[in-house]
Amino acid sequence: MGREYHFHCEHAGCSVTVDLRMGGTRELDVLVNGKEVAAARVHGHHARTQVMTAILPTDPPRGIEVEVTLPGALGGDPVSILLAGGERRPMPAREVPRRSRPTEASWYS
């Protein structure tokens, strides 16, 4: 099982979130106001940048892009940037709680 990362920011009155699961296949999801609007699967462990496009449900609707820089095999942390209206805005990382394995006591209860 790989690591999980979570990036979040507010833009134009909307909540924009990027969920990233690292592993053999890297899985990226972009959520706007809690609903998945874009997804990508990246194979391999090479460093690369993945750009995903989404539409914000504003009046009028606004297009945004989310740029996620994935680290290579030697490690490092990914970075997510919101691209909107000609601006590049870093998306702060939020801690993802680690899923713990069941304890011995829970096996017998």
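Residues numbered from 1 in each chain as written. Predicted model: local features only at pLDDT ≥ 70, side-chain atom pairs only at ≥ 80, totals over all residues. Heavy atoms only, no water.

Draft legend 1. Seen up close, the sheet that holds strand β9 (residues 93–94). Across the sheet, which stays open at both edges, the five strands sit in the order β4-β3-β2-β1-β9 with antiparallel pairing between neighbours. Each edge of the open sheet carries a strand with a single partner, namely β4 (35–43) and β9. Here eight bridges tie strand β3 (residues 25–32) to β4, and the two strands are oriented antiparallel to one another. Each bridged residue has a counterpart across the sheet, and for Arg-26 the counterpart in β4 is Val-42. (Pairing = 2+ DSSP bridges. Helix = DSSP H or I, 4+ residues; strand = E, 2+ residues; numbered from the N terminus.)

Draft legend 2. Local environment of the sheet that holds strand β5 (residues 48–56). Taking strand neighbours across the sheet as the criterion, the four strands line up as β5-β6-β7-β8 in an open arrangement whose pairing is antiparallel. Two strands bound the open sheet, and with one partner strand each, they are β5 and β8 (87–90). When strand polarity is set aside, the average angle formed by the axes of neighbouring strands in this sheet is 25 degrees. In terms of strand pairing, strand β7 (residues 79–84) meets β8 through four bridges, oriented antiparallel. Pairing of Leu-83 across the sheet is with Arg-88, part of β8. (Axes fitted to C-alpha atoms, helices over the stretch in contact; angles between N-to-C directions.)

Draft legend 3. Quick peek at the pattern of salt bridges. Within the structure shown, the criterion is met by four salt bridges. Residue Arg-21 pairs with Asp-29 through a salt bridge whose shortest N-O separation is 2.6 Å. The class for Arg-21 is partly exposed, based on a relative accessible area of 28%. Here Arg-41 and Glu-27 are joined by a salt bridge, their closest N and O atoms 3.4 Å apart. (Salt bridge = Lys/Arg side-chain N within 4 Å of Asp/Glu carboxyl O. Buried < 20%, exposed > 50% of the residue type's maximum accessible area, 1.4 Å probe, protein only.)

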